[in-house]
Amino acid sequence: MTSEAIFVTIFASLLSGLFGVLISFKFYERLEKRKLRIETAKKLIGGRFNLASNEFNIAMNEIFVVYADCPEVMTAMTNFWEILQVPQGQRSSKVVDDKLLTLLKTVCRNSGITHSKDINDDFFLRTFNGNGNPVSAKQGV
């Protein structure tokens, strides 16, 4: 075997290994990003019954970092935040619900979370207390 053939073999092996590492890194990065988004979505949806809860507030504060590359989520978050800045007596709970619904659905869509067509908007806004009974009004709004 000539030195040129040895060089080509070593170069091809190194190049092959490098491509393998880069491809693996890219898939790992995508997987971690999706896992982080799903975790944030879980906190957001899990804490939606009390908009003043720590869990909900932590999820809201994570959104701008976790979804920074999703203008649709950032817009929905900004719109929801803006409506919450209106004093409670001057804002409509329907508008709050609409903005929250938009945010939740946008977060789910951008996290890759899909749901059955049987699940309508009411499922996003319906919450349950510890006894499993529906809670009609969100707290902290």
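The coordinates are above.
Engineer: Just checking my understanding: could you explain a nonpolar patch on the surface for this structure?
Structural biologist: A surface patch of nonpolar side chains, about 930 Å² in accessible area, is lined by F7, V8, F11, L15, L18, F19, L22, I23 and F27. In this fold, F7 is placed in helix α1 (residues 3–46).

Engineer: Even after reading the chapter, I still don't get the nonpolar core, so can you show me in this structure?
Structural biologist: For soluble globular proteins, nonpolar side chains are generally found buried alongside one another. With 23 residues, the main nonpolar core has L44, M60, I63, Y67, F80, L103 and V107 as its most contacted residues. Of all the secondary structure elements, the ones that give two or more residues to this core are α1, α2 (54–66), α3 (71–84) and α4 (93–111). The dominant element in this core, judged by the number of residues it contributes, is α4, at 7 residues. Residues contacting L103, with those up to four places away along its chain left out, are L44, M60, I63, V73, A76, M77 and F80.

Engineer: So what exactly am I meant to see when it comes to the environment of E32 here?
Structural biologist: By the element assignment, E32 lies in helix α1. With 76 residues separating them along the chain, E32 and C108 place their C-alpha atoms 16 Å apart.

Engineer: Before we go on, may I ask you to explain the side chain of S111 in this structure?
Structural biologist: With respect to the secondary-structure elements, S111 resides in helix α4. Judged by its relative accessible area of 3%, S111 falls in the buried class. For S111, the side chain forms a polar contact with the main-chain oxygen of V107, separated by 2.7 Å. Among all residues touching S111, those that are not within four sequence positions of it are R34, R37, I38, A41 and Y67.

About the cut-offs
- Residues numbered from 1 in each chain as written.
- Predicted model: local features only at pLDDT ≥ 70, side-chain atom pairs only at ≥ 80, totals over all residues.
- Heavy atoms only, no water.
- Patch = residues over 30% accessible without salt bridge, like charges linked within 9 Å, V, L, I, M, F, W, Y side chains within 5 Å.
- Areas by Shrake-Rupley, 256 points an atom, 1.4 Å probe, with all protein chains shown as cover.
- Salt bridge = Lys/Arg side-chain N within 4 Å of Asp/Glu carboxyl O.
- Helix = DSSP H or I, 4+ residues; strand = E, 2+ residues; numbered from the N terminus.
- Core = buried A, V, L, I, M, F, W, Y, C linked by side-chain atoms within 4.5 Å.
- Buried < 20%, exposed > 50% of the residue type's maximum accessible area, 1.4 Å probe, protein only.
- Contact = heavy atoms within 4.5 Å.
- Polar contact = N/O pair within 3.5 Å; in protein donor to acceptor, adjacent residues only side chain to side chain.

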